[in-house]
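Structural overview for review
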Amino acid sequence: MQYRSLGRTGVQVSSLVLGAMNFGRIGNTTQEEASAIVGAALDAGINLIDTADVYSGGQSEEMVGKAIAGRRDDVVLATKATLPMGDERNRRGGSRRWLVTALDNSLRRLGVDHVDLYQMHRWDPTTSDEETLSALTDLQRAGKIRYFGSSTFPAYRIVQAQWTARERHLSRYVTEQPSYSILQRGIETHVLPVTQEYGMGVLAWSPLASGWLSGAIRAGQEITTNRSGFMRQRYDISVPANRAKLEAVEQLATVADEAGLSMIQLALGFVTAHPGVTSAIIGPRTADHLRSQLAAADTVLSTDVLDAIDAIVAPGIDLAPAEKNDTPPALLDPALRRR
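Here is a short report on the structure shown in this document. If you're wondering where the values come from, they're calculated on a predicted model, not measured in any experiment.

Each value, and the rule that gives it
- Residues numbered from 1 in each chain as written.
- Predicted model: local features only at pLDDT ≥ 70, side-chain atom pairs only at ≥ 80, totals over all residues.
- Heavy atoms only, no water.
- Helix = DSSP H or I, 4+ residues; strand = E, 2+ residues; numbered from the N terminus.
- Rg over C-alpha atoms; globule rule 2.2 N^0.38 Å.
- Buried < 20%, exposed > 50% of the residue type's maximum accessible area, 1.4 Å probe, protein only.
- Lys, Arg positive; Asp, Glu negative; His and termini not counted.
- Charge placed at Lys NZ, Arg CZ, Asp CG, Glu CD.
- 1 Å grid on protein atoms, 1.4 Å probe; cavity = no way out; pocket = protein on both sides within 12 Å on 5 of 7 lines; lining within 4 Å.
- Points joined across faces, edges and corners; volume = space filled by probe spheres on them.
- Nonpolar A, V, L, I, M, F, W, Y, C, P; charged D, E, K, R; others polar.
- Pairing = 2+ DSSP bridges.
- Right-handed = clockwise from strand over helix to strand, strands pointing away.
- Axes fitted to C-alpha atoms, helices over the stretch in contact; angles between N-to-C directions.
- Left-handed = near helix turned anticlockwise from the far one by under 90°.
- Contact = heavy atoms within 4.5 Å.
- Phe/Tyr/Trp six-rings, centres within 6.5 Å; stacked < 30°, edge-to-face > 60°.
- Lys NZ or Arg CZ within 6 Å of the ring centre and 35° of its normal.

1. Here's the deal with the overall build of the protein chain
Assigned secondary structure in the protein chain consists of eleven helices and ten strands. Taken over C-alpha atoms, the radius of gyration comes to 19 Å for the protein chain, in line with the 20 Å a tight globule of 339 residues would show. Looking at the 339 residues of the protein chain, the share that counts as buried comes to 54%. Charged side chains in the protein chain number 35 positive and 38 negative. The centres of these two groups are separated by 7 Å.

The following block contains the structure:
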């Protein structure tokens, strides 16, 4: 296992992060299975576990808490807030009112007195940066969180938050958690240059592109991954973006074979090769998934392999732009771009 500094915090974290989104009803993972996955990951050298309050309505946090009991000091523990936790309109977002409550709820579910990294799951356009950052700074000073970060923020919002922290003398986001894979390289254009400028740690989610780069999706085969069962539009080959992804996957499979690598090793090795990326988040649903992903822990891609990848999917290009999660609100709601 490789280790890198998490931004400028001085905290050393593994190049692979255990993501716990599949723990609970999302991935049909039991507590016994989750505990086995966590134990195997820690034994293999992974020391950062990432979850969120919204994952299976809190089940993931509960399972992680039980799985790390007795090993809390071995874990850099990260969770997230801001996405809706129920229908009540104030149980979401980045307001002080909600974040104080949301963090207490997460700590209770995790069974701990603090988390090491508390992340804003998405930018909340209804709440000012000062409101959110002042609440997070106070929670940090209270000892409930050690550091805080952002997740899936567009580049201009990362910059704005950094400036707000400086101008208002508040603590700042020290990490960003963006979507990044061979098939979705858009963050190379704006986000990664900004995070590098501000010395932020980067924890990349979906490095296997929701299973497209796992080796389980190939031309001429029925797509039967767990996620394809409830996100069918993203795996429908009649959709042009999905056809483009499948064409790229077939070419990437040839590159992997010629390099003596699995598709998973190729995909994870690509993400962790970028100098602006600290770690890649893996989200195994089973122990077998974990084993296949741990095989990439020490993968270092050669220049020839990285050049071959660039020739298939050009730097800075998203093959499925509609799947981005950091689109400015005005591009999604016509009312916001018309007088």
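Structure shown, so let's carry the discussion forward.
2. A word on empty space enclosed by the protein
A complete count under the given rule lists one cavity of 30 Å³ or more for this structure. Here the largest cavity is characterised by a volume of approximately 60 Å³. Thr 82, Gly 94, Met 120, Arg 122, Trp 123, Asp 124, Thr 127, Ser 128, Asp 129, Thr 132, Phe 153 and Tyr 173 together form the lining of the largest cavity. Classifying every residue of the lining of the largest cavity by side-chain character gives four nonpolar, five polar and three charged.

3. Some points on the pairing of strand E6 (residues 115–120)
Along E6, six of the six residues are buried, which leaves the element largely enclosed by surrounding structure. With four bridges connecting them, strand E5 (residues 76–81) and E6 associate as parallel partners. When the bridges of E6 are listed, Lys 80 appears paired with Gln 119. Between the parallel elements E5 and E6, the chain passes through helix H3 (residues 96–110) in a crossover that is right-handed. Two elements, E6 and strand E7 (residues 145–151), share five bridges in a ladder whose sense is parallel. Looking at the pairing, Tyr 118 lines up with Phe 148 of E7.

4. Quick look at the packing of H3 against helix H4 (residues 129–141)
Where H3 contacts H4, the axes come no closer than 9 Å and their chain directions differ by 35 degrees. As for how H3 packs across H4, the hand of that crossing is right-handed. Along its contact with H3, which presents Arg 96, Leu 99, Val 100 and Leu 103, the element H4 presents Glu 131, Thr 132, Ser 134, Ala 135, Leu 136, Asp 138 and Leu 139.

5. Regarding the layout of surface pockets
By volume, the second largest pocket is sized at about 450 Å³. Surrounding the second largest pocket, 24 residues form its lining, Leu 83, Arg 122, Trp 123, Asp 124 and Pro 125 being those nearest its centre. Considering only residue class, the lining of the second largest pocket consists of eight nonpolar, ten polar and six charged.

6. Some remarks on the packing of aromatic side chains
Taken as a whole and assessed by the stated rule, the structure comprises five aromatic pairs. Taken together, a centroid distance of 5.7 Å and an interplanar angle of 80 degrees make the contact between Phe 153 and Tyr 173 edge-to-face. A residue pair is termed long-range when its members are at least 10 positions apart, and Phe 153 in the loop between E7 and helix H5 (155–168) and Tyr 173 in the loop between H5 and strand E8 (175–177) qualify at 20 residues. According to the relative accessible area criterion, Phe 153 is buried, its value standing at 2%. One aromatic cluster is present, built from ring pairs that chain together Phe 148, Phe 153 and Tyr 173. Positioned above the aromatic ring of Trp 163 is the side chain of Arg 166, whose terminal nitrogen or guanidinium carbon lies 4.9 Å from the ring centre.

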